[in-house]
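Descriptive analysis of the structure
As a plain string of letters, each chain reads:
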Amino acid sequence: MRAPAAGGCHLPTRAVVSPAAHLERLRRLAGQLRVVLAHGSELVAVPGFDVHIWPSPDPYYRNVALPVSGAAASPAAVAAMLAVFAARARRARVEHFAELWPELALHLERAGLTMERRGPVMVRDAHVRTSSGVAPQVVPLDGTMPAATLELFLAEGAATFGDHAAGVVAEAERLGAGLRAGTTLAAVALRGGRPVAGASLIRAGDVGELLGVWCAEPWRRQRLAFACCQNVLARFGASGGQLAWLSAATAPSIALYRRLGFTPCGTQLNHALAVP
């Protein structure tokens, strides 16, 4: 996700990781993703897939199918998965790690789905330490904050990606619940009382996904997003987190995440049916 490039950091030493270790990490990430997406969704199991149906079409990314076995890579399994989305009047979406399901993309595309996104998966062990020099002050979000504060945090973040803020009230309620439960960590940089950068992490056990990393255009290249990421990653490690991951979108974001100690581990693919 968008974030300013951060210079002047001491890059952590990176050990060589074997292909087998990468696959094992990807399996851990897939398990975390299944747990997170199951919370609040209707789970419909078909051969090879878990299909997560959200109560509403938006946010679109919550209505998604995840492969759970090699049976997913077959025309019959893909057809059964698509039928679930059609029956619920939802646009079919599939997320998966290419290295775990190397034949799945071909079957999805033969069934009419298109690849909307291909991005590197990056991981970071909790023991990694980074330094950013003089880090800007950031504020951890917690579940006691007013709903209006959480709504503004989400709305400003969505605006940096050009997204509309539909459903922000419901998303703020979900964010607040996650903050109170400790399954979500978030941090924000404020200027003039308004959020200008932020980062979030959603965890399941000792694995967490760093996401929602953003910085408003006028405030970029000041290490604000970097500092927000450091804040949530440090708290994640201090609370028992072992492995953080993300799916990067742009070259500047990859540079930022490398400076935070993340290294490539695999490839995430997002497929979806075209909008009529």
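Here, the structure is the one placed above.
Notes on the structure in this doc start here. Remember, predicted model here, so these are calculated numbers, not experimental data. (Residues numbered from 1 in each chain as written. Predicted model: local features only at pLDDT ≥ 70, side-chain atom pairs only at ≥ 80, totals over all residues. Heavy atoms only, no water.)

For the rest of this paragraph, the subject is the overall build of the protein. Tallying secondary structure elements over the protein gives seven helices and 11 strands in all. In the protein, which comprises 276 residues, the proportion classed as buried is 49%. Expressed as a percentage of contacts within the protein between residues at least 6 apart in sequence, the contacts between residues at least 24 apart total 72%. As displayed, the protein has an accessible area near 12500 Å², and 59% of this comes from carbon and sulfur atoms. (Helix = DSSP H or I, 4+ residues; strand = E, 2+ residues; numbered from the N terminus. Buried < 20%, exposed > 50% of the residue type's maximum accessible area, 1.4 Å probe, protein only. Contact = heavy atoms within 4.5 Å. Areas by Shrake-Rupley, 256 points an atom, 1.4 Å probe, with all protein chains shown as cover.)

As for its position among the elements, histidine 96 is in strand S4 (residues 93-97). Its relative accessible area of 4% is what places histidine 96 among the buried residues.

The next thing to look at is the packing of aromatic side chains. Two measures describe an aromatic ring pair: the distance that separates the ring centres and the angle between the ring planes. For the coordinates displayed, the defined rule picks out four aromatic pairs. Seen in terms of ring centroids, tyrosine 60 and tyrosine 61 are 5.4 Å apart; in terms of plane orientation they differ by 80 degrees. Their pairing is edge-to-face. Ring centres 5.6 Å apart and planes at 85 degrees place the aromatic pair phenylalanine 97 and tryptophan 245 in the edge-to-face group. Taken together, the residues phenylalanine 97 in strand S4 and tryptophan 245 in strand S10 (residues 243-247) connect sequence positions 148 residues apart. The burial state of phenylalanine 97 is the same as that of tryptophan 245; both residues are buried. (Phe/Tyr/Trp six-rings, centres within 6.5 Å; stacked < 30°, edge-to-face > 60°.)

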